[in-house]
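Chain and residue survey
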Amino acid sequence: MSAESAHTTWHPGEETMHRLLRVVHGDNPTIPGLPVSYGAWMAESPLLALGTVDGHDRVWTTVLGGAAGVVRPVAAGVLGVRARSREPLMGFDPVLEALFAGQDLRDGGIARHPGGGKLVGGLAIDLETRSRVKISGRVLGGALAATDPQAGVQLAVAVEETLGNCPKYLNRKSIRSHDSSPTLVSDQLPLVPDAIELIGRSDLFALSSRHGTVSMDTNVRGGAPGFVRILTNSAAEGVTLVYPEYSGNRLFQTLGNLQADPAVGVTFPDVETGAVLYLSGRADVVVGADAAALLPHSKLAVRVHVEAARFVRDGLPFRGTLLDPSPYNPPVHRLAHEIDGAPACSLGTTDPDGKPLAVATATLLRRSTITPTISRYTFRLGPETSTAPSRAAFAELKPWRAGQHVTLDFSAHLDRGWSHMRDHDPRSLNDDYIRSFTISSRPGGRSAMLDGAEFDITVREQGPVTAFLGRWRPGRPVDVAVLGFGDGDEIEFGADPAGEDVVVVAAGVGITPLMAQARAASAAASGRRLKLFWSVRADDLPLAIDVLGALHEVAAVTDVFVTRTAGAEPGIAELRELGARVHTRRIEPADVRSAGTAGRRRFHVCAPPGLTRSVLEWVGGEHVRCATFTY
């Protein structure tokens, strides 16, 4: 096969990925050599991610640069790399160590790269413009100065392949040079706490893979901070990371490499502090049902088994400042074992693509508008009859319990299929339109009566699914797939009338678990064992009136804290008539600490993260159960 044809066809690993994901491609768009236009653009790029293989056959990645000119054309088809670097061979940067293997710079001087065509992959990145260009090639030669960081590292790379990439998932940052003073914190596994913390806040990492001795692929993955999850980190289980592969250009060049050869190098650069975590190991690509079981709401994921690591403090020759996040970033997907409660699909049924199978159909019957942004929707259950497994699953479906959630699939109404870019609605590219809502009505009775049983959800309009519900008009048929009922945020009232006090702290529509348990809540309130602290905005006062108007016993043990009170006087007066105490301020520590009897009370927090963290601080080591609303 000629060099040109090798660049315009697909290798077996890429073809495997295309078959698995049912993608049909023509020629490979990778460009042979180095087009002049790409070379000129790369000369303005401040960063270069660079990958290679060390003497132990491990793949590593590094990130160099800090200012424009880190790469620039120096001859036809040849890029020059010039980057600041301080003492890179003393166990800090594994890529530079591999490129200048055998050179000892402890006594100063200059190391020479022997040439010979060592394979490298590179990615020129400009995070301020969210642009990037991939290259693959071979090192013709180079030099590295041990004592002169201004001279740093110099390489000449003969470029064999080039490909521009889209800006999706890159968080925009400004980059500036920095004189680093690297310190090796750890080169052992499992990862040290500081390395774990770095991964948890990272919104970008670089990775390199290889296609035998033909080419290397170096690229980055970006997302919201925390999009990379730690599956294991112990001496017994090893170190394993998992990240979702978001919707991209569907070339699957990195994943194709990993299908054929699992060797991978992953690097997490912390541009704010200069810390850097270098990892090398093996990766496997997880597709369809297996991906969904590992990382719910994902159809495609990568699991990295770490075999070697270096965590270096102040190891980057640059610093960066976040300007704004990518509008394409999906919410962070948590691992299945991190999610509180049962899986979204309670019966565990999925099709080969990892899409959960419906166990019932919910028909939208009516809507009650409570506030301009909060509505109550009533659905009627019925069997889902399109497949035999679905019919069987409905027969086995058990009635929901008070406080459980229902998982609904709106994709039939909202999913528009794949597209490369969608600037008018960027987050839709990775949205499966599966949502879980706490059922706000009491359970409907016996198992045999599920066919035709009705349930309510009370929700605020704040995303594409609730906006779709908000556009619904009576008479327009809407059926959505029910994927199952799951454990949600049941409040533990207990059966003993003289048992522990129950203190509920809620905010806005976080009241829904208590609404579903109205009977138990009223009984606990009558026995003075329940205390409710509820924070609402003035705009949400109609919701508070609606709920407490139906729960008279609960109203008598409720303190409502109203914020943004302009024009709220009529609603406040009505709440007081219902028996609630109303305060025009935020919840304070003394409020929560004064409830019940210390040492014999249980707290249930159904609130946003900020208020949840505050309550945990206020009540110390007492029993607290926190609603997550991220089923």
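Because the structure is a prediction, the values reported are computed rather than measured.

1. Quick look at the packing of aromatic side chains
Applying the stated criterion to the full structure yields 11 aromatic pairs. With 5.3 Å between their ring centres and 40 degrees between their planes, phenylalanine 205 and phenylalanine 268 make a pair best called tilted. With phenylalanine 205 in strand E12 (residues 204-211) and phenylalanine 268 in strand E16 (residues 263-269), this pair connects stretches of sequence that are 63 residues apart. Exposure remark for phenylalanine 205: the relative accessible area of 1% places this residue in the buried category. Phenylalanine 268 sits in the buried class, given a relative accessible area of 1%. Judged by centre distance (5.5 Å) and plane angle (15 degrees), the rings of phenylalanine 379 and phenylalanine 455 are stacked.

2. Section: the pattern of salt bridges
What the rule picks out here adds up to 28 salt bridges. One salt bridge connects arginine 537 with aspartate 540, and the closest N-O pair in it is separated by 4.0 Å. The exposure class of aspartate 540 is buried, given its relative accessible area of 1%. Several salt bridges share partner residues, and in doing so they unite Asp57, Arg210 and Asp261 into one network.

3. Comments concerning the environment of threonine 183
Mapped onto the elements, threonine 183 comes out in strand E11 (residues 183-186). Residue class for threonine 183 comes out partly exposed when judged on its relative accessible area of 40%. Expressed as a C-alpha distance, the spacing of threonine 183 and alanine 275, which sit 92 residues apart in the sequence, is 9.3 Å. Excluding its chain neighbours within four sequence positions, the residues that come into contact with threonine 183 are Phe92, Phe311, Val312 and Arg313.

4. Thoughts on the nonpolar core
In terms of nonpolar packing, the biggest core is built from 44 residues, with Met42, Leu50, Leu99, Val153 and Leu155 touching the most fellow members. Val504, Met515, Ala538 and Ala568 belong to the second largest nonpolar core, which has 38 residues in total.

5. Here we look at the packing of helix H13 (residues 541-550) against helix H15 (residues 569-577)
Contact geometry for H13 and H15: axes closest at 10 Å, N-to-C directions at 15 degrees. Considering their axes alone, H13 and H15 lie roughly parallel with respect to each other. Crossing of H13 over H15 shows left-handed handedness. Contacts between H13 and H15 pair Leu541, Ala544, Ile545 and Leu548 from the former with Gly571, Ile572, Glu574 and Leu575 from the latter. For the contact of H13 with H15, a count of residues per class yields six nonpolar, one polar and one charged.

6. Details of the packing of helix H2 (residues 12-20) against helix H6 (residues 253-260)
One can describe the packing of H2 onto H6 by two numbers: an axis separation of 7 Å at closest approach and a directional angle of 110 degrees. Here H2 is positioned roughly perpendicular relative to H6, judged by the angle of their axes. Judged by residue contacts, Gly13, Glu14, Thr16, Met17 and Leu20 of H2 engage Gln253, Leu255, Gly256, Gln259 and Ala260 from H6. Partitioned by chemical class, the residues of the contact of H2 with H6 number four nonpolar, five polar and one charged.

7. So, the sheet that holds strand E27 (residues 530-537)
The strand order across the open sheet formed by six strands is E29-E28-E27-E26-E30-E31, and the pairing between neighbours is parallel. Looking at which strands have only one partner, the edges of the open sheet turn out to be strand E29 (581-583) and strand E31 (624-626). Neighbour-to-neighbour, the strand axes of the sheet open up by a mean angle of 15 degrees, direction not taken into account. The sheet contact formed by strand E26 (residues 501-507) and strand E30 (residues 601-606) spans six bridges and is parallel.

8. Comments concerning the sheet that holds strand E21 (residues 374-382)
With antiparallel pairing, six strands are arranged side by side in an open sheet as E23-E22-E25-E20-E21-E24. Two strands close off the open sheet at either side, each with one partner strand: strand E23 (434-438) and strand E24 (454-460). The mean angle between the axes of side-by-side strands here comes to 40 degrees, regardless of whether they run parallel or antiparallel. By the bridge criterion, eight bridges tie strand E20 (residues 360-369) to E21 in an arrangement that is antiparallel. If you follow threonine 363 over to E21, its bridge partner there is arginine 380.

9. Regarding the confidence of the model for the protein
Residue-level pLDDT values for the protein average 88, and 88% of them are 70 or greater. Scored below 50 in pLDDT, residues 1-6 makes three contacts in the model with residues more than four places away or belonging to other chains. In the predicted structure, residues 341-348 sits below a pLDDT of 50 and forms 14 contacts with residues beyond four places in sequence or in another chain.

10. Considerations on unusual backbone geometry
Note on backbone geometry: most residues besides glycine have negative phi, and most peptide bonds are trans. Of note, the bond from leucine 189 into proline 190 is cis; its omega dihedral lies within 30 degrees of zero at 0 degrees. Mapped onto the secondary structure, proline 190 falls in the loop between E11 and helix H5 (193-201). In this structure, arginine 250 is a non-glycine residue whose phi angle is positive, near 65 degrees. Along the polypeptide, arginine 250 turns up in the loop between strand E15 (238-244) and H6.

What counts and what doesn't
- Residues numbered from 1 in each chain as written.
- Predicted model: local features only at pLDDT ≥ 70, side-chain atom pairs only at ≥ 80, totals over all residues.
- Heavy atoms only, no water.
- Phe/Tyr/Trp six-rings, centres within 6.5 Å; stacked < 30°, edge-to-face > 60°.
- Helix = DSSP H or I, 4+ residues; strand = E, 2+ residues; numbered from the N terminus.
- Buried < 20%, exposed > 50% of the residue type's maximum accessible area, 1.4 Å probe, protein only.
- Salt bridge = Lys/Arg side-chain N within 4 Å of Asp/Glu carboxyl O.
- Contact = heavy atoms within 4.5 Å.
- Core = buried A, V, L, I, M, F, W, Y, C linked by side-chain atoms within 4.5 Å.
- Axes fitted to C-alpha atoms, helices over the stretch in contact; angles between N-to-C directions.
- Parallel < 35°, antiparallel > 145°, perpendicular 65-115°, else oblique.
- Left-handed = near helix turned anticlockwise from the far one by under 90°.
- Nonpolar A, V, L, I, M, F, W, Y, C, P; charged D, E, K, R; others polar.
- Pairing = 2+ DSSP bridges.
- pLDDT = per-residue confidence, 0-100.

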